[in-house]
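# Structural characterization, general
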Amino acid sequence: MQSVFYQPEAVVLVSKHLLNGSGSLRWIYRELAPTQSQDTGWLLFADNEQWNQEPNNFMPVVVATALAIEPSLQYILDLPYGTDLVFVNRNQIKGWWEPKSQTPIWLSDGTITPHIVIKQGEVMANDDN
């Protein structure tokens, strides 16, 4: 799988609440079957569940715009299709968690990072960390 960071036109679908500042990033999901070549499959959801259920409340943005919303996305956007993560940013804890097992995937203090590396633009498993 090619890294989203090596695809200049790569886009993610983002809740308009995140773009206009009226909402906070709450969770992300990577669809199994993106519909277009530039589609990374990622959906970024705000903290408003009712709003999130309306497809017209989302718009595509390039990866750089998504990183401006939340810089820690750089550590997880290359995770595999089907990835579902919750963003936690409270009580001196900031990171991405797998919601079912409540397992951290990435923490801002560097103690936990995803088990992937990028080699020549390709995403590969990294079992060294």
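Structure: see above.
Here the structure is a predicted model, which is why all the values come from computation and not from measurement.

### With respect to the sheet that holds strand β5 (residues 84-90)
With mixed pairing, seven strands are arranged side by side in an open sheet as β4-β1-β3-β2-β5-β6-β7. Each having just a single partner strand, β4 (58-62) and β7 (103-107) make up the two edges of the open sheet. Sheet twist, expressed as the average angle between the axes of neighbouring strands with direction ignored, equals 30°. For strand β1 (residues 11-15) and β4, the ladder comprises five bridges, and the chain directions are antiparallel. The residue bridging Val-11 from the neighbouring strand is Val-62, located in β4.

### Concerning the pairing of strand β6 (residues 93-98)
The sheet contact formed by β5 and β6 spans five bridges and is antiparallel. Opposite Val-88, over in β6, you have Gly-95 as the bridge partner. Where β5 hands over to β6, the hairpin turn is made up of two residues, of which Asn-91 adopts a positive phi near 50°. Across four bridges, the pairing between β6 and β7 is antiparallel. Looking at β7, one finds that Trp-97 is bridged to Pro-104.

### Points about unusual backbone geometry
Not every positive phi belongs to a glycine, and Gln-92 is a case in point at roughly 65°. Topologically, Gln-92 is positioned in the loop between β5 and β6. The class for Gln-92 is exposed, based on a relative accessible area of 87%. Despite not being glycine, Gln-102 has its phi angle at roughly 55°, a positive value.

Scoring rules and cut-offs
Residues numbered from 1 in each chain as written. Predicted model: local features only at pLDDT ≥ 70, side-chain atom pairs only at ≥ 80, totals over all residues. Heavy atoms only, no water. Pairing = 2+ DSSP bridges. Helix = DSSP H or I, 4+ residues; strand = E, 2+ residues; numbered from the N terminus. Axes fitted to C-alpha atoms, helices over the stretch in contact; angles between N-to-C directions. Buried < 20%, exposed > 50% of the residue type's maximum accessible area, 1.4 Å probe, protein only.

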